[in-house]
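These are the residues of each chain, in order.
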Amino acid sequence: MATLRLILGDQLNYNHSWFTQQDDAVYVMMETIPETTYVTHHLQKLLAYLKAMRNFGEYLRKKGYSVIYLSLNDSQNRQSFRDNLLKIMQQHMITRFEYLEPDEYRLDEMLKTFCKDLPVESRMVGSEHFLTTRFEIREFFKGKKQYLMESFYRYMRKKHRILMSGDQPEGGLWNFDTENRKPWDGKATLPDPLLFENDCTDIYHALLEMKIPSAGSAKPDSIGYPLNREQSLQLLQHFIHQQLEYFGTYQDAMTVKDKYLFHSRLSFSLNTKMLHPKELIDAVLDHYYAHPEKIPLSQVEGFIRQILGWREYVRGIYWDQMPGYSQMNHFNHQRPLPRYFWTGDSRMNCIRHCVSQTLETAYAHHIQRLMITGNFMLLAGVDPDEADRWYLGVYIDAIEWVEMPNTRGMSQYADGGIMASKPYVSSANYIHKMSDYCKGCHYSRDLKYGDKACPFNSLYWNFIDRNRELLKTNQRMGMILNLWSKMPAEEKAKILNQAGKYLEEIEAL
Ligand code: FAD
Ligand code: SF4
């Protein structure tokens, strides 16, 4: 009996039970052209993924496992999962095939179909990563139209006994949002980011040789993301000791002075499964209970909500809603994505800053993604397919199961409100409140019309006006619709005229 076990690129789970004892299975990992080109990926993302996969394959070999690793430019590589697997199965006289539960719908379907036609036994094995099953959310929200994250989060806190005193939340509150989310005021010392220097030049040359397209820039000999478990653990410790103390306070702040503020940059390690979510939660809790005088509960709760709440929640939405989710377009938005999303070359300082940072680092934090780039795309009526392709390509942590609900659902409201109770749109007011972007901008945040008027202002009202029929059933939009309807007709006309002009000349903004 020879068993073949497939490990996908985001299944680098060093602690999976497959690897707790020696066996005579053959493990296969492969890099293929279709996986590197299904969207235009950021160069750092390509380098980081492939290097992390190679590191994992090497780790397994050193532990004594039999590993077949097909690199991108390997002459034996048939550049398709199916063809590679069939060839290996034949060569090694495989009598059983096993694979880990994929997180992407596309790969799940592909592997199911592949197994149906196989003449040998096959089975899917749990990835041993998430804190919920694929369809736990479907059960939890059965019969509900809107899936409230907060109620799911409370369920998770109780289920996993995290930050609980008996059946009540520790500290008396389920969330400490009111104490968190301040703009950057420079009062806390900013830690130096922990950037690794991973040499990926071999992979870079392979990408060039294979003519794989990419976006953004990279120093191939010095990739700063954690690319193995040891580095991932170091980054976790760095976060706990240097950033946790202010994580919640400045979670929504944006400044030209710093890229990361107190954000952990742990998403790549988590999404490739080099770290387990429970491991993060336990490490944060251990540190908090050991230093309660230093680490406020509000910071700890704020971080745990992201991992135990949001991350599991978006995965549940994805599996509950796929495949239909990828087609949803509630506002019927059709506009192509402006070119400056691939260059950063815009006069809007907020867009220029967030896009340039993204192209330089493959990273932007949540509020930059939601309230700058996402907000602009929604106001301008960008096609959600274009939005998805951009977010899926440019971010280091972008894998469809987590990218799509965040983009199409939370950010673009294309799901009509399954995730968000109202569209996340704002004028310059919010951006000015939470950032220092407006200070150095070509446009004026106070103006709604005129040559220097901030595009976010007129586009905001244009969004409200053009979607008023769809928005009027949403109670949370009532006040703003009312405000718009009471605005003098002349003022409205000037604003809509300005918005029309900006939309016509969108590439020049
Ligand atoms: P931190 O701010 O340090 O947060 C800690 C961790 O919490 C993150 O590493 C992440 O694992 C988790 N987390 C926080 N918010 C979310 C969320 N909304 N959904 C899922 N996990 C969350 N996250 C991705 O991992 N991949 C994506 O492709 C992705 N695309 C996004 C697209 C848009 C439009 C938006 C608005 C958000 C997206 N997010 C995505 C969520 C979030 O922006 C990132 O998880 C976060 O910025 C990663 O940086 P960090 O590790 O420093 O996070
Ligand atoms: Fe962005 Fe408008 Fe502020 Fe300029 S003025 S940074 S475009 S919000």
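A short tour of the structure in this document, coming up. This is a predicted model, so every value here is computed, not measured.

As for the overall build of the protein
Phase 1: Within the protein, the regular secondary structure consists of 20 helices and 7 strands.
Phase 2: In summary, the protein has a C-alpha radius of gyration of 24 Å against a globular reference of 23 Å for 509 residues, a match within 12%.
Phase 3: As presented, the protein carries roughly 21400 Å² of accessible surface, and 50% of it is formed by carbon and sulfur atoms.
Phase 4: Placing the 61 positive and 62 negative side-chain charges of the protein at their respective mean positions leaves the two points 4 Å apart.

Focus on the site of ligand 2
Phase 1: Taken together, Met348, Asn349, Cys350, Ala428, Ile431, Tyr437, Cys438, Cys441, Tyr443, Arg445, Cys454 and Phe456 are the residues near ligand 2.
Phase 2: If you map ligand 2 onto the pockets, it falls in the second largest cavity.
Phase 3: Class assignment for the residues of the shell around ligand 2 results in 10 nonpolar, 1 polar and 1 charged.

Digging into the site of ligand 1
Phase 1: Around ligand 1 there are 29 residues in total, and His263, Ser264, Arg265, Asn271 and Tyr363 lie nearest to it.
Phase 2: Within the side chain of Gln306, one N or O atom sits 3.3 Å away from a nitrogen atom of ligand 1.
Phase 3: Between ligand 1 and the protein, one listed contact pairs a nitrogen atom with a backbone N or O atom of Asp397 at 2.9 Å.
Phase 4: Within the complex, 99% of the 820 Å² of free accessible area of ligand 1 lies under protein.
Phase 5: Those elements that provide at least two residues to the shell around ligand 1 are α9 (267-271), α11 (297-321), α13 (366-380) and α15 (400-411).

Quick notes on the packing of helix α8 (residues 229-242) against helix α10 (residues 277-290)
Phase 1: It is at 10 Å that the axes of α8 and α10 come closest, and there the two elements cross at 35 degrees. Where α8 crosses over α10, the two elements pack in a sense that is right-handed. Taking contact as the criterion, the partners of Arg229, Leu233, Leu236, Phe239, Ile240 and His241 in α8 are, on α10, Glu279, Leu280, Ala283, Val284 and His287.
Phase 2: Taken together, the residues that form the contact of α8 with α10 break down as 7 nonpolar, 2 polar and 2 charged.

Topic: the side chain of Gln44
Phase 1: Residue placement: Gln44 occurs in helix α2 (residues 43-62).
Phase 2: Residues within four places of Gln44 in sequence aside, it is in contact with Ser217, Ala218, Ile223, Tyr225, Glu360, Thr361, Ala362 and Ile396.

Section: the side chain of Asn375
Phase 1: Tracing the chain through its elements places Asn375 in helix α13.
Phase 2: Polar contacts involving the side chain of Asn375 include one to the side chain of Ser426, which spans 3.1 Å.
Phase 3: Ignoring any residue separated from it by four or fewer positions in sequence, one finds Asn375 in contact with Leu370, Tyr424, Val425, Ser426, Ile431 and Phe456.

Side note on the pattern of salt bridges
Phase 1: The full count for this structure, using the stated rule, is 41 salt bridges.
Phase 2: Of the charged contacts in the structure, one is a salt bridge between Asp103 and Lys273, with a shortest N-O distance of 2.5 Å. Of this pair, Asp103 sits in the loop between β4 (96-100) and α4 (105-116) while Lys273 is found in the loop between α9 and α10, placing the two residues 170 residues apart along the sequence. Summarising the burial analysis for this pair, Asp103 and Lys273 share the class buried.
Phase 3: For the salt bridge of Asp252 with Arg181, the shortest nitrogen-to-oxygen distance reads 3.3 Å. Note that Asp252 is positioned in the loop between α8 and α9 and Arg181 in the loop between β7 (168-169) and α7 (201-209), a separation of 71 residues in sequence.
Phase 4: Residue Asp252 is classed as buried on the basis of its relative accessible area of 9%.
Phase 5: Among the ionic contacts, a cluster of salt bridges with common partners joins Asp10, Glu101, Asp103, Asp108, Glu109, Lys112, Arg134, Lys273 and Arg315.

Some words on the packing of aromatic side chains
Phase 1: Going through the model one piece at a time under the given rule, you end up with 47 aromatic pairs.
Phase 2: An angle of 80 degrees between the planes, with centres 5.1 Å apart, marks the rings of Tyr460 and Trp461 as edge-to-face.
Phase 3: By relative accessible area, which is 10% here, Tyr460 ends up buried.
Phase 4: Members of the aromatic cluster, joined through ring pairs, are Tyr14, Trp18, Phe19, Tyr27, Phe56, Tyr59 and Tyr65.
Phase 5: Sitting over the ring of Tyr38, Arg106 keeps its end group 4.5 Å from the ring centre.

Side note on α10
Given 3.6 residues per helical turn, the α-helix brings residues three or four places apart onto the same face.
Phase 1: With 14 residues, α10 ought to run about 20 Å at 1.5 Å a step, and its terminal C-alpha atoms sit 20 Å apart, in line with that.
Phase 2: Taken together, the buried positions of α10 are occupied by Pro277, Leu280, Ile281, Ala283, Val284, Leu285, His287 and Tyr288.
Phase 3: Close packing links the buried residues of α10 with α8, α9 and α11.

Description of the nonpolar core
Phase 1: One finds Tyr313, Ile351, Phe376 and Ile464 to be the most contacted residues of the largest nonpolar core, which totals 145 residues.
Phase 2: Here this core gets 11 residues from one element, more than from any other, and that element is α11.
Phase 3: In this structure Phe376 touches Pro338, Tyr340, Phe341, Met348, Ile351, Phe456, Leu459, Ile506 and Leu509, once residues within four positions along its chain are discounted.

Examining unusual backbone geometry
Phase 1: Pro323 follows Met322 through a cis peptide bond whose omega is 5 degrees.
Phase 2: Within the secondary structure, Pro323 sits in the loop between α11 and α12 (349-361).
Phase 3: Not every positive phi belongs to a glycine, and Glu128 is a case in point at roughly 55 degrees.
Phase 4: Within the secondary structure, Glu128 sits in the loop between β5 (121-125) and α5 (136-140).
Phase 5: What makes Glu128 partly exposed here is its relative accessible area of 38%.

About the criteria used
Residues numbered from 1 in each chain as written. Chains lettered and ligands numbered in written order. Predicted model: local features only at pLDDT ≥ 70, side-chain atom pairs only at ≥ 80, totals over all residues. Heavy atoms only, no water. Helix = DSSP H or I, 4+ residues; strand = E, 2+ residues; numbered from the N terminus. Rg over C-alpha atoms; globule rule 2.2 N^0.38 Å. Areas by Shrake-Rupley, 256 points an atom, 1.4 Å probe, with all protein chains shown as cover. Lys, Arg positive; Asp, Glu negative; His and termini not counted. Charge placed at Lys NZ, Arg CZ, Asp CG, Glu CD. Near = heavy atom within 4 Å. 1 Å grid on protein atoms, 1.4 Å probe; cavity = no way out; pocket = protein on both sides within 12 Å on 5 of 7 lines; lining within 4 Å. Sits in = over half its atoms within 2 Å of the grid points. Nonpolar A, V, L, I, M, F, W, Y, C, P; charged D, E, K, R; others polar. Polar contact = N/O pair within 3.5 Å; in protein donor to acceptor, adjacent residues only side chain to side chain. Axes fitted to C-alpha atoms, helices over the stretch in contact; angles between N-to-C directions. Left-handed = near helix turned anticlockwise from the far one by under 90°. Contact = heavy atoms within 4.5 Å. Salt bridge = Lys/Arg side-chain N within 4 Å of Asp/Glu carboxyl O. Buried < 20%, exposed > 50% of the residue type's maximum accessible area, 1.4 Å probe, protein only. Phe/Tyr/Trp six-rings, centres within 6.5 Å; stacked < 30°, edge-to-face > 60°. Lys NZ or Arg CZ within 6 Å of the ring centre and 35° of its normal. Expected span 1.5 Å × (residues − 1). Core = buried A, V, L, I, M, F, W, Y, C linked by side-chain atoms within 4.5 Å.

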